[in-house]
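Observations on the three-dimensional arrangement
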Amino acid sequence: MSKNWSLPPMKFNLGEKVLFTFNGIELVGIVEIADFGGSFEHDYHSYDIFVAEDNCLYKHIPEEVCRVACF
């Protein structure tokens, strides 16, 4: 288990509205938790994102599938 501490800064902040894809579905939510370097099994940043429409917290969403929600 090695962490890659040379990762770039995280793109999103807590409380930021983001658009992301989960199982082929685009969702909009708020970043609740930002995991620098992701979980122990991964070497990328991830986020826990709350989607009010589903009343669900989506865990460990990779940064690469997220983008700024501009609406």
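Whatever comes next refers back to the structure up there.
Now for a description of the structure that goes with this document. Keep in mind it's a predicted model, so treat the numbers as computed, not measured.

This part takes up the sheet that holds strand E1 (residues 17-22). An order of E4-E3-E2-E1-E5 is seen for the five strands of this open sheet, with the pairing classed as antiparallel. Edge positions in the sheet fall to strand E4 (56-62) and strand E5 (66-68), since each of these pairs with one other strand and no more. Recorded for the sheet is a direction-independent mean angle of 45° between the axes of neighbouring strands. Pairing of E1 with strand E2 (residues 25-35) involves six bridges; the strand directions are antiparallel. Paired with Leu 19 across the two strands is Val 28, which belongs to E2.

Here we come to the side chain of Asp 35. For Asp 35, the location among the structural elements is in strand E2. Although Asp 35 is buried, it forms no salt bridge, and the closest oppositely charged side chain is Lys 59 at an N-O distance of 6.1 Å. With residues near it in sequence (within four places) discarded, Asp 35 still touches Met 10, His 45, Ser 46, Asp 48 and His 60.

Let us look at the pairing of E4. When a strand is regular, its side chains alternate between the sheet's two faces. Note: strand E3 (residues 46-51) against E4, five bridges, orientation antiparallel. Among the inter-strand pairings, Ile 49 is bridged to a residue of E4, identified as Tyr 58. Here E3 hands over to E4 after four residues, with Asn 55 in that stretch at a positive phi of 50°.

With that settled, the discussion passes to the nonpolar core. Phe 12, Val 18, Phe 20, Leu 27, Val 31, Tyr 47, Ile 49, Val 51, Tyr 58, Ile 61 and Cys 66 together form the largest nonpolar core, which totals eleven residues. Of all the secondary-structure elements, those providing two or more residues to this core are E1, E2, E3 and E4. For this core, the leading source of residues is E3, giving three residues. In this view, Tyr 47 contacts Met 10, Lys 11, Phe 12, Val 31, Ile 33, Ala 34, Tyr 58, Lys 59, His 60, Ile 61, Glu 63 and Cys 66; residues no more than four positions away in its chain are not counted.

Each value, and the rule that gives it
- Residues numbered from 1 in each chain as written.
- Predicted model: local features only at pLDDT ≥ 70, side-chain atom pairs only at ≥ 80, totals over all residues.
- Heavy atoms only, no water.
- Pairing = 2+ DSSP bridges.
- Helix = DSSP H or I, 4+ residues; strand = E, 2+ residues; numbered from the N terminus.
- Axes fitted to C-alpha atoms, helices over the stretch in contact; angles between N-to-C directions.
- Buried < 20%, exposed > 50% of the residue type's maximum accessible area, 1.4 Å probe, protein only.
- Lys, Arg positive; Asp, Glu negative; His and termini not counted.
- Salt bridge = Lys/Arg side-chain N within 4 Å of Asp/Glu carboxyl O.
- Contact = heavy atoms within 4.5 Å.
- Core = buried A, V, L, I, M, F, W, Y, C linked by side-chain atoms within 4.5 Å.

What is shown is where atoms sit, not what they do.
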